[in-house]
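Summary of structural features
Chain by chain, the residues:
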Number of protein chains: 2
Amino acid sequence: MSYFPRLAETFSELLASVANDRVFVLGHARPDGDCVGAQIALARLLRGYGVDAVALNADPIPKALGFLLGETKIEPLVAPALDGRPLLFVDCADERRVGPKSSQLIADCNFLASIDHHISNTRFARMNLIEPSTAATCEIIAGLAFDFGLAVDATTAQALLTGIMTDTGRFGYAATSARVFELCSRLVQCGARPEVSAQPLYENQPFSRLKLLQRFLGALRTEFDGKLGVGTVARQDFVDTASCYEETEGFVDFTRSIEGVVIGLYLEERRTTVKASLRAVDSSYRVDLIAKQFGGGGHAAAAAFSFEGSIAEVESPLITAIGNRIQEVEAESA
Amino acid sequence: MSYFPRLAETFSELLASVANDRVFVLGHARPDGDCVGAQIALARLLRGYGVDAVALNADPIPKALGFLLGETKIEPLVAPALDGRPLLFVDCADERRVGPKSSQLIADCNFLASIDHHISNTRFARMNLIEPSTAATCEIIAGLAFDFGLAVDATTAQALLTGIMTDTGRFGYAATSARVFELCSRLVQCGARPEVSAQPLYENQPFSRLKLLQRFLGALRTEFDGKLGVGTVARQDFVDTASCYEETEGFVDFTRSIEGVVIGLYLEERRTTVKASLRAVDSSYRVDLIAKQFGGGGHAAAAAFSFEGSIAEVESPLITAIGNRIQEVEAESA
């Protein structure tokens, strides 16, 4: 039985081309569980195959994901270290996702391969292992590892399970297929333990995060007859609660979880930029197209973009664009 | 391949003894996802086998689980309707779990069988299908259904997946085994859809609940150098946010999730009583013994009690008792 027969030929070529070589495994900036899990797992799988694979990321790994970093380090992404070696991208819809500065540094490098589950992936690498039907990049890597009989040890299995757990919203999103559950069954057999991922991710939070959450909930509101949920965190909220950016993980889910809401919008005001995240109750809303209008992208039901400026500047045009989209979808389904 | 070979003979006898009969499937009072899922699934599986099975429960089904109630009703448990027919218990550690009044009503009935995963199960029925290694009663029923080739349609599969999802804490507790994931893979193949359970349970909340959560987080504090997390909801909070008791589901988990906290305490002020819930990071804290001092009980890491009066009356002696227990545990482990 094969999980990803369509990708077999390309993955086979990839393995052949990197054998006994030195390669770098790159993930996107501000890495999440699927990105960190995929970087660690792919680096370890390749090392087990005789490849000198090193994982690199422009940003630090969130504290809550620190449990994944044992003997497998993720080094800072700095160009001089790359030394002309092939780059393998995971969970990156395009090469710019590695970070604004980093993408310039790697511009002339060898984009050997890309493994990703984003529908918006631009096929920017020489070998593209893209499977939008999957819930997570870690699902693709797990399936390929089993398809090719690569050595999946407990650490690798834990990394893959973590990516799947986070990108399926704890096995609750529609993309959580029979294949997802079957792969997780095999990952547990390989030594992964669900509680090892779930405890640091979902059952251990700084007090400052709860204070920030309280602020956020206080400002939560709806627009368009309760169809759009809007949540914001302003610069001052971080200061007043002594919390940091990574503590807002999951806030966007509250905006969409309100009864009656079809699109949730979360705006986070950082030092000079606003991070905007969009979530829809189903893929018909194509929030990736809304994000695209503002220079971002993502999935049909989950997208994001960054804006240079303040919440006050971006909020109004963005809410107008979302309102238009809600009207369009209602008109289409009427 | 067999999931529960140890239970095969008893389940086979059970099926033979109820064939073409009329039976009742009972669950515990204040039913949760595993109980409701198990009642619906077992009733449907037996009906598919030619048994006239009817599910009964002393309490109403929580609104968030209403999506499971389609053509399969769960009727109110009232004794006259029982008519001397055999009773099958699911998810009940003992027969009193069906509710204080109901357990008297069924005292002289035929306790034919019990399917349960609680280690504390008293083996009170004639046939006991007890498997404490499982994460959920729905896991046992799913495994037996597949082992015996019973017809698992989409509705039955959805009920079983829901019970497993809720009792594994969204696939995050240590009991989430390779078997759990494999069974869920098969349930999805039978037509269960994870998002159909996860959305009403975790991604759809009244706006009033978020306003109540905001109040709760505003009052959240720690005691004993950050080792005890204390959260409260006062009578007035329910009034001011127009929310109801059911909407505080999960609040206790916030008290325990704070970094550094070893015991979480949640106090909810109802009309004339206070509902106190205790959660510990591990079972060494024996919070059931603390609850027992106030007339309650539970598990070593999760316990509760009811107090006639106000938060102001119970809070101080309770916090003192918890402080003493934290000191004891620290002394024991020193």
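The paragraphs below set out a description of the structure included in this document. (Residues numbered from 1 in each chain as written. Chains lettered and ligands numbered in written order. Predicted model: local features only at pLDDT ≥ 70, side-chain atom pairs only at ≥ 80, totals over all residues. Heavy atoms only, no water.)

What follows is about the side chain of E269 of chain B. Residues and elements named next belong to chain B. Mapped onto the elements, E269 comes out in strand β9 (residues 263–269). There is no salt bridge for the buried E269, and the closest opposite charge comes from R235, which lies 4.3 Å off by N-O distance. From its side chain, E269 meets the backbone nitrogen of I311 in a polar contact 2.9 Å long. Aside from chain neighbours lying at most four places away, what touches E269 is V233, A234, R235, F238, V274, S310 and I311. (Helix = DSSP H or I, 4+ residues; strand = E, 2+ residues; numbered from the N terminus. Buried < 20%, exposed > 50% of the residue type's maximum accessible area, 1.4 Å probe, protein only. Lys, Arg positive; Asp, Glu negative; His and termini not counted. Salt bridge = Lys/Arg side-chain N within 4 Å of Asp/Glu carboxyl O. Polar contact = N/O pair within 3.5 Å; in protein donor to acceptor, adjacent residues only side chain to side chain. Contact = heavy atoms within 4.5 Å.)

This brings us to the relation of the copies chain B and chain A. Mapping chain B onto chain A calls for a screw motion: a turn of 180 degrees about the axis and a shift of 0.5 Å along it, with 2.1 Å RMSD after fitting. Such values leave the two copies arranged in the relation of a two-fold axis. Relative to the rotation axis, the C-alpha of Q214 of chain B is the closest in chain B, positioned 1.9 Å from it. Mapped onto chain A, 98% of the interface residues of chain B are again interface residues, and the two copies thus contact each other with one and the same surface. (Least-squares fit on C-alpha atoms with pLDDT ≥ 70 in both.)

Apart from glycine, the bulk of residues carry a negative phi angle, and the bulk of peptide bonds sit in the trans form. Its identity as a non-glycine residue notwithstanding, R170 of chain A has a phi of 55 degrees, on the positive side. Within the secondary structure, R170 of chain A sits in the loop between α5 (154–167) and α6 (178–189).

With that settled, the discussion passes to the sheet that holds strand β7 (residues 221–223) of chain B. Residues and elements named next belong to chain B. The sheet built from six strands is open, its strands ordered β7-β8-β9-β10-β12-β11 with mixed pairing. A single partner strand is all that each edge strand has here, and the edge strands are β7 and β11 (297–298). Bridging between strand β10 (residues 273–280) and strand β12 (residues 302–308) involves seven bridges; their strand directions are antiparallel. Looking across to β12, one finds that A276 is bridged to F305. (Pairing = 2+ DSSP bridges.)

Quick look at the packing of aromatic side chains now. Residues and elements named next belong to chain B. A complete count under the given rule lists 26 aromatic pairs over all chains for this structure. Here the aromatic rings of F171 and F181 are separated by 5.7 Å at their centres, their planes lie at 20 degrees, and the arrangement is stacked. With F171 in the loop between α5 (154–167) and α6 (178–189) and F181 in helix α6, this residue pair connects regions lying ten residues apart in the sequence. For the residue pair F171 and F181, the accessibility class agrees, reading buried in each case. (Phe/Tyr/Trp six-rings, centres within 6.5 Å; stacked < 30°, edge-to-face > 60°.)

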